[in-house]
Amino acid sequence: MTSWPARPTASLPTPALTSSSRAPVWPLPSTSEVAMNPETLAAGAAAVALPHDLTPLGMFMAADLVVKAVMTGLIAASLVTWVILVGKVLELSALGRAARRGVAVVAGEAAISGLARHARLPRPLALMLAEIGEEIAQTGPDGVAAGPVAGGLVERVRSRLARLEAAAGRRAMVGTGLLATIGSTAPFVGLFGTVWGIMNAFVGISESQTTNLAVVAPGIAEALLATATGLVAAIPAVVVYNHLARRTTAFRAEMTDLSEGLIRTLSRDLETGRLDAGLLTR
(Lines give C-alpha, C1' and ligand atoms only; values in the text may rest on other atoms or scores of the structure.)
Protein backbone atom coordinates (compact mmCIF):
# COMPACT_ATOMS: atom_id res chain seq x y z
CA MET A 1 0.00 0.00 0.00
CA THR A 2 1.39 3.35 -1.05
CA SER A 3 1.67 6.03 1.68
CA TRP A 4 1.19 9.60 0.53
CA PRO A 5 3.13 12.38 2.25
CA ALA A 6 1.17 14.64 4.57
CA ARG A 7 0.03 17.92 3.02
CA PRO A 8 1.87 20.86 4.65
CA THR A 9 -0.30 23.39 6.40
CA ALA A 10 0.59 27.08 6.92
CA SER A 11 0.95 28.16 10.51
CA LEU A 12 -1.45 31.00 11.34
CA PRO A 13 -0.76 33.60 14.05
CA THR A 14 -2.85 33.39 17.16
CA PRO A 15 -5.26 36.34 17.25
CA ALA A 16 -5.31 38.67 20.27
CA LEU A 17 -8.46 38.51 22.37
CA THR A 18 -10.04 41.46 24.14
CA SER A 19 -10.92 41.20 27.83
CA SER A 20 -14.62 41.89 27.19
CA SER A 21 -15.67 39.89 24.14
CA ARG A 22 -12.61 37.60 23.61
CA ALA A 23 -12.87 38.45 19.90
CA PRO A 24 -9.65 38.79 17.91
CA VAL A 25 -8.42 42.30 17.26
CA TRP A 26 -6.60 42.83 13.98
CA PRO A 27 -3.96 44.12 13.52
CA LEU A 28 -1.95 44.28 16.74
CA PRO A 29 0.31 47.38 17.19
CA SER A 30 3.88 46.54 17.85
CA THR A 31 5.77 47.66 20.93
CA SER A 32 7.92 49.99 18.86
CA GLU A 33 4.86 51.70 17.38
CA VAL A 34 3.42 52.36 20.82
CA ALA A 35 6.71 53.73 22.06
CA MET A 36 7.18 56.02 19.05
CA ASN A 37 3.61 57.43 18.99
CA PRO A 38 3.97 61.27 19.09
CA GLU A 39 0.75 61.81 21.05
CA THR A 40 1.79 59.28 23.65
CA LEU A 41 5.20 60.90 23.97
CA ALA A 42 3.69 64.40 24.31
CA ALA A 43 1.23 63.28 26.97
CA GLY A 44 3.97 61.51 28.88
CA ALA A 45 6.27 64.51 28.72
CA ALA A 46 3.49 66.82 29.90
CA ALA A 47 2.68 64.47 32.77
CA VAL A 48 6.32 64.49 33.83
CA ALA A 49 6.45 68.32 33.64
CA LEU A 50 3.35 68.84 35.81
CA PRO A 51 3.97 70.59 39.15
CA HIS A 52 3.44 68.27 42.08
CA ASP A 53 3.10 70.98 44.76
CA LEU A 54 -0.41 72.43 44.39
CA THR A 55 -0.46 74.21 47.74
CA PRO A 56 -0.98 78.01 47.66
CA LEU A 57 2.75 78.58 48.20
CA GLY A 58 3.67 76.05 45.52
CA MET A 59 1.25 77.60 43.02
CA PHE A 60 2.61 81.06 43.84
CA MET A 61 6.17 79.93 43.17
CA ALA A 62 5.14 78.27 39.88
CA ALA A 63 3.07 81.23 38.66
CA ASP A 64 4.04 83.69 35.93
CA LEU A 65 6.11 86.77 36.84
CA VAL A 66 3.16 89.14 36.27
CA VAL A 67 0.85 87.00 38.40
CA LYS A 68 3.51 86.88 41.12
CA ALA A 69 3.79 90.67 41.06
CA VAL A 70 0.01 91.03 41.33
CA MET A 71 -0.24 88.65 44.28
CA THR A 72 2.74 90.25 46.03
CA GLY A 73 1.11 93.68 45.78
CA LEU A 74 -2.19 92.33 47.09
CA ILE A 75 -0.47 90.64 50.04
CA ALA A 76 1.30 93.93 50.84
CA ALA A 77 -2.04 95.76 50.67
CA SER A 78 -3.55 93.24 53.07
CA LEU A 79 -0.70 93.83 55.53
CA VAL A 80 -1.25 97.60 55.25
CA THR A 81 -4.91 97.06 56.13
CA TRP A 82 -4.07 95.29 59.38
CA VAL A 83 -1.43 97.88 60.31
CA ILE A 84 -3.95 100.70 59.79
CA LEU A 85 -6.54 98.80 61.83
CA VAL A 86 -4.24 98.45 64.85
CA GLY A 87 -2.96 102.03 64.65
CA LYS A 88 -6.35 103.70 64.15
CA VAL A 89 -8.08 101.65 66.84
CA LEU A 90 -5.46 102.74 69.37
CA GLU A 91 -5.65 106.36 68.18
CA LEU A 92 -9.45 106.55 68.19
CA SER A 93 -9.62 104.89 71.59
CA ALA A 94 -7.29 107.55 73.05
CA LEU A 95 -9.19 110.39 71.34
CA GLY A 96 -12.54 109.05 72.52
CA ARG A 97 -11.36 108.72 76.13
CA ALA A 98 -10.03 112.30 76.09
CA ALA A 99 -13.29 113.65 74.68
CA ARG A 100 -15.36 111.77 77.26
CA ARG A 101 -13.17 113.06 80.08
CA GLY A 102 -13.64 116.57 78.74
CA VAL A 103 -17.42 116.16 78.72
CA ALA A 104 -17.30 114.93 82.31
CA VAL A 105 -15.13 117.88 83.41
CA VAL A 106 -17.45 120.42 81.74
CA ALA A 107 -20.50 118.78 83.33
CA GLY A 108 -18.85 119.04 86.76
CA GLU A 109 -18.11 122.77 86.54
CA ALA A 110 -20.69 125.55 86.59
CA ALA A 111 -18.46 128.28 85.11
CA ILE A 112 -15.79 128.70 82.46
CA SER A 113 -13.46 130.16 85.07
CA GLY A 114 -13.64 126.90 87.05
CA LEU A 115 -12.51 124.97 83.97
CA ALA A 116 -9.61 127.35 83.40
CA ARG A 117 -8.29 126.70 86.91
CA HIS A 118 -7.78 122.97 86.29
CA ALA A 119 -4.11 122.02 86.25
CA ARG A 120 -4.39 119.27 83.65
CA LEU A 121 -7.21 119.25 81.14
CA PRO A 122 -7.89 116.72 78.38
CA ARG A 123 -6.39 117.89 75.11
CA PRO A 124 -9.69 118.54 73.24
CA LEU A 125 -11.03 120.61 76.16
CA ALA A 126 -7.77 122.56 76.46
CA LEU A 127 -7.84 123.40 72.74
CA MET A 128 -11.45 124.57 72.93
CA LEU A 129 -10.77 126.76 75.95
CA ALA A 130 -7.83 128.29 74.07
CA GLU A 131 -10.14 129.12 71.17
CA ILE A 132 -12.64 130.72 73.54
CA GLY A 133 -9.91 132.79 75.18
CA GLU A 134 -8.59 133.96 71.81
CA GLU A 135 -12.05 135.05 70.69
CA ILE A 136 -12.64 136.92 73.95
CA ALA A 137 -9.27 138.67 73.56
CA GLN A 138 -10.13 139.73 70.01
CA THR A 139 -13.61 140.91 71.06
CA GLY A 140 -12.37 143.13 73.87
CA PRO A 141 -13.91 143.90 77.27
CA ASP A 142 -16.97 145.60 75.80
CA GLY A 143 -18.06 142.47 73.97
CA VAL A 144 -17.96 140.38 77.14
CA ALA A 145 -20.75 142.40 78.76
CA ALA A 146 -24.27 141.02 78.81
CA GLY A 147 -26.61 142.08 76.03
CA PRO A 148 -26.82 141.75 72.24
CA VAL A 149 -23.04 141.99 71.86
CA ALA A 150 -22.60 138.96 74.13
CA GLY A 151 -24.90 136.97 71.83
CA GLY A 152 -22.56 137.73 68.95
CA LEU A 153 -19.64 136.46 71.02
CA VAL A 154 -21.40 133.13 71.59
CA GLU A 155 -22.00 132.71 67.86
CA ARG A 156 -18.38 133.47 67.05
CA VAL A 157 -17.21 130.98 69.67
CA ARG A 158 -19.60 128.38 68.22
CA SER A 159 -18.05 128.93 64.78
CA ARG A 160 -14.53 128.51 66.16
CA LEU A 161 -15.43 125.31 67.99
CA ALA A 162 -17.16 123.89 64.91
CA ARG A 163 -13.96 124.41 62.91
CA LEU A 164 -12.03 122.68 65.69
CA GLU A 165 -14.43 119.72 65.60
CA ALA A 166 -14.09 119.43 61.82
CA ALA A 167 -10.30 119.47 62.04
CA ALA A 168 -10.34 116.76 64.72
CA GLY A 169 -12.64 114.63 62.58
CA ARG A 170 -10.37 114.99 59.55
CA ARG A 171 -7.34 113.97 61.60
CA ALA A 172 -9.24 110.94 62.90
CA MET A 173 -10.00 109.83 59.33
CA VAL A 174 -6.39 110.03 58.14
CA GLY A 175 -5.40 106.67 56.65
CA THR A 176 -8.90 105.33 56.16
CA GLY A 177 -9.01 106.58 52.57
CA LEU A 178 -6.30 104.05 51.73
CA LEU A 179 -8.56 101.31 53.08
CA ALA A 180 -11.36 102.44 50.77
CA THR A 181 -8.95 102.34 47.82
CA ILE A 182 -7.78 98.83 48.70
CA GLY A 183 -11.30 97.57 49.20
CA SER A 184 -12.52 98.91 45.86
CA THR A 185 -9.54 98.06 43.63
CA ALA A 186 -8.10 94.82 45.05
CA PRO A 187 -10.73 92.53 43.41
CA PHE A 188 -10.04 94.07 40.00
CA VAL A 189 -6.28 93.76 40.44
CA GLY A 190 -6.73 90.12 41.36
CA LEU A 191 -8.98 89.63 38.33
CA PHE A 192 -6.27 91.08 36.12
CA GLY A 193 -3.83 88.51 37.49
CA THR A 194 -6.35 85.75 36.82
CA VAL A 195 -6.92 86.83 33.21
CA TRP A 196 -3.19 87.01 32.61
CA GLY A 197 -2.65 83.58 34.16
CA ILE A 198 -5.43 81.97 32.13
CA MET A 199 -3.96 83.44 28.95
CA ASN A 200 -0.64 81.79 29.80
CA ALA A 201 -2.44 78.54 30.61
CA PHE A 202 -4.08 78.51 27.17
CA VAL A 203 -0.70 79.17 25.55
CA GLY A 204 0.71 76.20 27.44
CA ILE A 205 -2.20 74.04 26.28
CA SER A 206 -1.55 74.94 22.64
CA GLU A 207 2.15 74.20 22.98
CA SER A 208 1.59 70.80 24.61
CA GLN A 209 -1.15 69.98 22.05
CA THR A 210 -3.28 68.21 24.62
CA THR A 211 -6.49 68.99 26.48
CA ASN A 212 -5.81 66.58 29.30
CA LEU A 213 -7.30 67.98 32.52
CA ALA A 214 -4.16 67.08 34.43
CA VAL A 215 -2.22 69.40 32.12
CA VAL A 216 -4.79 72.25 32.10
CA ALA A 217 -5.79 72.34 35.77
CA PRO A 218 -2.53 73.54 37.43
CA GLY A 219 -2.24 76.65 35.23
CA ILE A 220 -5.87 77.61 35.79
CA ALA A 221 -5.52 77.01 39.54
CA GLU A 222 -2.51 79.33 39.65
CA ALA A 223 -4.50 81.99 37.81
CA LEU A 224 -7.49 81.71 40.12
CA LEU A 225 -5.19 82.10 43.12
CA ALA A 226 -4.75 85.76 42.09
CA THR A 227 -8.50 86.39 42.36
CA ALA A 228 -8.57 84.67 45.75
CA THR A 229 -5.70 86.88 46.93
CA GLY A 230 -7.57 89.97 45.75
CA LEU A 231 -10.64 88.99 47.75
CA VAL A 232 -8.51 88.26 50.81
CA ALA A 233 -7.13 91.80 50.56
CA ALA A 234 -10.43 93.53 49.72
CA ILE A 235 -12.88 92.00 52.21
CA PRO A 236 -10.94 92.90 55.40
CA ALA A 237 -10.23 96.38 54.01
CA VAL A 238 -13.95 97.08 53.55
CA VAL A 239 -14.84 95.69 56.99
CA VAL A 240 -12.07 97.68 58.70
CA TYR A 241 -13.04 100.86 56.84
CA ASN A 242 -16.66 100.58 57.96
CA HIS A 243 -15.58 99.89 61.55
CA LEU A 244 -13.25 102.90 61.64
CA ALA A 245 -15.91 105.10 60.04
CA ARG A 246 -18.32 104.20 62.86
CA ARG A 247 -15.65 104.89 65.47
CA THR A 248 -14.87 108.25 63.88
CA THR A 249 -18.56 109.18 63.80
CA ALA A 250 -18.81 108.36 67.52
CA PHE A 251 -15.73 110.50 68.23
CA ARG A 252 -17.22 113.43 66.31
CA ALA A 253 -20.42 113.12 68.35
CA GLU A 254 -18.39 113.24 71.57
CA MET A 255 -16.56 116.34 70.33
CA THR A 256 -19.91 117.96 69.53
CA ASP A 257 -21.14 117.20 73.05
CA LEU A 258 -17.99 118.79 74.47
CA SER A 259 -18.29 121.97 72.40
CA GLU A 260 -21.99 122.36 73.10
CA GLY A 261 -21.34 121.99 76.81
CA LEU A 262 -18.74 124.76 76.65
CA ILE A 263 -21.09 127.03 74.69
CA ARG A 264 -23.87 126.51 77.24
CA THR A 265 -21.46 127.28 80.08
CA LEU A 266 -20.17 130.41 78.29
CA SER A 267 -23.68 131.65 77.58
CA ARG A 268 -24.65 131.12 81.21
CA ASP A 269 -21.59 133.04 82.41
CA LEU A 270 -22.37 135.93 80.07
CA GLU A 271 -25.96 136.15 81.27
CA THR A 272 -25.01 136.05 84.94
CA GLY A 273 -21.98 138.33 84.50
CA ARG A 274 -19.57 135.96 86.24
CA LEU A 275 -17.26 135.38 83.26
CA ASP A 276 -13.64 136.08 84.19
CA ALA A 277 -12.21 137.08 80.82
CA GLY A 278 -8.76 137.73 82.25
CA LEU A 279 -8.48 134.10 83.37
CA LEU A 280 -8.97 132.87 79.80
CA THR A 281 -6.84 135.43 77.98
CA ARG A 282 -3.72 135.40 80.13
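Thresholds applied
- Residues numbered from 1 in each chain as written.
- Predicted model: local features only at pLDDT ≥ 70, side-chain atom pairs only at ≥ 80, totals over all residues.
- Heavy atoms only, no water.
- UniProt positions renumbered as here; feature names shortened; annotations may be inferred.
- Helix = DSSP H or I, 4+ residues; strand = E, 2+ residues; numbered from the N terminus.
- Buried < 20%, exposed > 50% of the residue type's maximum accessible area, 1.4 Å probe, protein only.
- Contact = heavy atoms within 4.5 Å.
- Areas by Shrake-Rupley, 256 points an atom, 1.4 Å probe, with all protein chains shown as cover.
- Salt bridge = Lys/Arg side-chain N within 4 Å of Asp/Glu carboxyl O.
- 1 Å grid on protein atoms, 1.4 Å probe; cavity = no way out; pocket = protein on both sides within 12 Å on 5 of 7 lines; lining within 4 Å.
- Points joined across faces, edges and corners; volume = space filled by probe spheres on them.
- Nonpolar A, V, L, I, M, F, W, Y, C, P; charged D, E, K, R; others polar.

- By the naming in an unreviewed UniProt entry, the protein goes by Biopolymer transport protein ExbB and is assigned to Pleomorphomonas diazotrophica.
- What the UniProt record of the protein gives under Function (unreviewed entry) is the line "Involved in the TonB-dependent energy-dependent transport of various receptor-bound substrates. Protects ExbD from proteolytic degradation and functionally stabilizes TonB."
- Its UniProt record, at the heading Subunit (unreviewed entry), says of the protein: "The accessory proteins ExbB and ExbD seem to form a complex with TonB."

**Observations concerning the overall build of the protein**
- Helix and strand counts for the protein come out as 10 helices and two strands.
- Counting from the amino terminus, the protein carries its helices and strands in the arrangement β-β-α-α-α-α-α-α-α-α-α-α.
- Per-residue burial for the protein yields a buried fraction of 34% across its 282 residues.
- Nonlocal contacts in the protein, meaning residues at least 24 apart in sequence, comprise 78% of its contacts between residues at least 6 apart.
- Split by element, the accessible area of the protein, about 17,100 Å² in all, is 65% carbon and sulfur.

**Examining the pattern of salt bridges**
- The tally for this structure, following the rule as stated, stands at eight salt bridges.
- R160 is the salt-bridge partner of E131, the closest N and O atoms lying 2.8 Å from each other. Of the two residues, E131 is situated in helix α6 (residues 123–139) and R160 in helix α7 (residues 148–172); the sequence distance between them amounts to 29 residues.

**Looking at the layout of surface pockets**
- Put simply, the second largest pocket is a space of about 200 Å³.
- What lines the second largest pocket is E91, L95, A98, R123, P124, L127, L164, A168, R171, A172, F251 and M255.
- Mapped by element, the contributors of at least two residues to the lining of the second largest pocket are α4 (65–108), α6, α7 and α9 (213–272).
- Here the element with the most residues in the lining of the second largest pocket is α7; it accounts for four residues.
- Taken together, the residues of the lining of the second largest pocket sort by class into nine nonpolar, no polar and three charged.

**Structural notes on the environment of V154**
- Here V154 shows up in helix α7.
- It is 7.3 Å that separates the C-alpha atoms of V154 and L266, two residues lying 112 residues apart in sequence.

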